[in-house]
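# Working through the structure, step by step
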Amino acid sequence: MSWIKALTPVALLALTIPSYGGPTTYPPAPLLVCPSTTKTAFAIGDRLISKWYNATLGQMFDGDFWVDCNTWEDFHNLMLDTHSTRYESLTTGSYLAKAALDPTTDWAAFLGGSNDDSLWAVLSLWKMADYRKWRREDPSAWLNAAATIWDLIAHEWDDTCGGGVWWSTAHTYKNSITNELFLLTSAEGYLRNGNNTYLDFAEKEWDWLYNSGMRNSEGLFNDGLDLATCTNNNQTAWSYNQAVVASGLGALYVATGSKNTTLLEQAQISIDATLKAGSGLIDNGVLRESCDDATLGGSICNHDQQLFKGLFTKHLSYLVSYASTPFPTPQSISIALKYKPFFTAQYTAITHNALNSTDDVGGVWYAPAGGNEAWQPEASAAGLEGVIAAAGYGKC
Ligand SMILES: *[C@@H]1O[C@H](CO)[C@@H](O)[C@H](O)[C@H]1NC(C)=O
Ligand SMILES: *[C@@H]1O[C@H](CO)[C@@H](O)[C@H](O)[C@H]1NC(C)=O
Ligand SMILES: *[C@@H]1O[C@H](CO)[C@@H](O)[C@H](O)[C@H]1NC(C)=O
Ligand SMILES: *[C@@H]1O[C@H](CO)[C@@H](O)[C@H](O)[C@H]1NC(C)=O
Ligand SMILES: *[C@@H]1O[C@H](CO)[C@@H](O)[C@H](O)[C@H]1NC(C)=O
């Protein structure tokens, strides 16, 4: 829609000034969302709920906890971005929300020891709290649950390989995603609660990640560390690893006063390395996970891996948002313009190659899967994320 194109940077700046009062949500919601793109998001969302959600259990049908946490975060993002109440039953009825509302929940037992999964739950709870705040209701149950979980993970930090939190409470692995999520939740947590313990951990975490060796010479974060040598284990560089570190750095940039542009430059290193032809993660401008294969219907990506591309789009959109907080700068505008064609390209690919007539989304975006698609709630959730990100940051 041309009215978005017509907005000059100056107009964007003027529109943003009222947010000085403090945003309703972190990262701040996009200033404008594209109505036609949003319509696609609601169609996919409605289908996810009608086909894949068991309201009695408060779970999506596969019951993949961390994916569910992300899916609930997505529904709340969609409501907050569009001022809609359409999926508000998830704020109290989802399995995670029910646990947050029950003061007797034993979180360590509930979470089962996967520290990365626990941190996805923190992000989901925060968006539920933001939604409650927007509805002028008390968000404290969700915020308290998130704080309890963050504390459990902060206790998973130790000196093995110089720092970092463990991937699980079994203490067998230190990896990228858990530590990137800890960077993000520590920096964003500080923005939310002003508690310096969070900020200290965010700074310590970035320092450790930067020096950990997990980022390879191409600028991509591999999966994790070889514990025997404390060096990069050279395992798969997944798409989501490249964007969660970027949203974490965006949050740290804002948490440290929106002055240290090095942090935004570091964030762009991993994003740009992903989008570069030949990175192994991109096919004609469209994300392609190493396990995506249109001829095999995407079936070689497991349920977890099916979500990764969607997470890349979501966390890149978070970086773009953080970069312009508390207000746009020439650098943040150039970041937004740089990635706009990417968001648009993912939307086009999802709607042309992956979305079907019943609004389910297949696992492969870069090419049509020719009837071999693996239809799963995780793949639909990834599509939902790509569409929501495009609604706020792509071409309308
Ligand atoms: C939802 O889960 C409940 C409890 O396991 C089960 O009894 C019910 O059949 C499920 N609903 C659907 C529509 O599958
Ligand atoms: C800050 O957070 C830490 C860790 O959760 C907590 O122990 C401490 O009491 C908090 N400080 C304040 C002032 O709330
Ligand atoms: C990872 O690759 C580097 C460079 O090829 C090599 O030196 C190192 O030994 C590898 N590490 C592991 C754990 O395989
Ligand atoms: C900016 O952040 C980087 C961390 O990547 C740090 O090394 C540097 O000292 C920071 N600069 C300032 C001025 O704080
Ligand atoms: C669309 O996806 C659903 C999965 O829920 C599948 O059952 C159906 O066959 C697909 N429809 C088409 C036309 O591909």
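Analysis parameters
- Residues numbered from 1 in each chain as written.
- Chains lettered and ligands numbered in written order.
- Predicted model: local features only at pLDDT ≥ 70, side-chain atom pairs only at ≥ 80, totals over all residues.
- Heavy atoms only, no water.
- Salt bridge = Lys/Arg side-chain N within 4 Å of Asp/Glu carboxyl O.
- Helix = DSSP H or I, 4+ residues; strand = E, 2+ residues; numbered from the N terminus.
- Buried < 20%, exposed > 50% of the residue type's maximum accessible area, 1.4 Å probe, protein only.
- Core = buried A, V, L, I, M, F, W, Y, C linked by side-chain atoms within 4.5 Å.
- Contact = heavy atoms within 4.5 Å.
- Near = heavy atom within 4 Å.
- Polar contact = N/O pair within 3.5 Å; in protein donor to acceptor, adjacent residues only side chain to side chain.
- Disulfide = S-S within 2.5 Å.
- Areas by Shrake-Rupley, 256 points an atom, 1.4 Å probe, with all protein chains shown as cover.
- Phe/Tyr/Trp six-rings, centres within 6.5 Å; stacked < 30°, edge-to-face > 60°.
- Lys NZ or Arg CZ within 6 Å of the ring centre and 35° of its normal.

The protein chain is annotated in an unreviewed UniProt entry as Glycoside hydrolase family 76 protein from Hydnomerulius pinastri MD-312.

Attention now goes to the pattern of salt bridges. Scanning the model with the defined rule gives 14 salt bridges in all. Lys314 is paired through a salt bridge with Asp74; the nearest N and O atoms lie 2.8 Å apart. Remark: Asp74 occurs in helix H4 (residues 65-82) and Lys314 occurs in helix H14 (residues 308-323); sequence separation between them is 240 residues. Like Lys314, the residue Asp74 is buried in the burial classification. A salt bridge links Asp272 to Lys338; the nearest nitrogen and oxygen atoms lie 2.8 Å apart. With Asp272 in helix H13 (residues 261-275) and Lys338 in helix H15 (residues 330-354), this pair connects stretches of sequence that are 66 residues apart. Residue Asp272 is classed as partly exposed on the basis of its relative accessible area, which comes to 30%. What emerges from the salt-bridge pattern is a single network uniting Glu73, Asp74, Lys314 and Glu385.

In this section: the nonpolar core. Membership of the largest hydrophobic core comes to 113 residues, with the highest contact counts inside it found for Leu96, Trp120, Leu125, Phe182 and Phe343. Of the residues forming this core, the biggest block, 11 residues, is contributed by helix H12 (residues 239-255). Among residues more than four places away in sequence, those in contact with Phe343 are Thr313, Leu316, Ser317, Val320, Ala389, Ala390, Tyr393 and Gly394.

Moving on, we get to the site of ligand 5. The environment of ligand 5 is made up of Arg47, Lys51, Asn356, Ser357, Thr358, Asp360 and Trp375. The contact in question runs from an oxygen atom of ligand 5 to an N or O atom on the side chain of Arg47, over 3.4 Å. Separating an oxygen atom of ligand 5 from a side-chain N or O atom of Asn356 is a distance of 2.4 Å.

Once that is clear, we can look at the state of the cysteines. Taken as a whole and assessed by the stated rule, the structure comprises 3 disulfides. The partner cysteine of Cys291 in its disulfide is Cys301, sulfur to sulfur 2.0 Å. Here Cys291 and Cys301 share a disulfide; its torsion about the S-S bond, 90°, makes the bridge right-handed. Here Cys291 is found in the loop between strand S6 (286-287) and H14, whereas its partner Cys301 is found in the loop between S6 and H14, with 10 residues between them in sequence. When its relative accessible area of 8% is taken as the criterion, Cys291 is described as buried.

Every residue close to ligand 4 is listed here: Trp206, Asn260 and Leu263. The separation between an oxygen atom of ligand 4 and a polar side-chain atom of Asn260 is 2.3 Å. When isolated, ligand 4 has an accessible area of 370 Å², and the protein chains bury 34% of it.

Glancing now at the environment of Arg86. Of note, Arg86 is situated in the loop between H4 and helix H5 (90-93). Expressed as a C-alpha distance, the spacing of Arg86 and Gly45, which sit 41 residues apart in the sequence, is 9.8 Å. With residues near it in sequence (within four places) discarded, Arg86 still touches Phe42, Asp46 and Met79.

This brings us to the packing of aromatic side chains. Here the structure, examined in full by the defined rule, presents 24 aromatic pairs. On the numbers, 6.4 Å between centres and 40° between planes, the contact of Trp157 with Phe182 is tilted. Here Trp157, found in the loop between helix H9 (140-154) and helix H10 (176-193), pairs with Phe182, found in helix H10; they are 25 residues apart in sequence, far enough to count as distant. A single burial state applies to Trp157 and to Phe182, both of which are buried. Ring centres of Tyr240 and Phe308 lie 3.8 Å apart, and the angle between their planes is 10°; on these two criteria the pair is classed as stacked. Of the two residues, Tyr240 sits in helix H12 while Phe308 sits in helix H14, which places them 68 residues apart along the sequence. Connected via pairs of aromatic rings, a cluster forms that spans Trp66, Trp120, Trp238, Tyr240 and Phe308. Directly above the aromatic system of Trp166 lies the positively charged group of Lys174, at a separation of 4.8 Å from the ring centroid. The side chain of Lys309 reaches across the aromatic face of Trp365, ending 5.2 Å from its centre.

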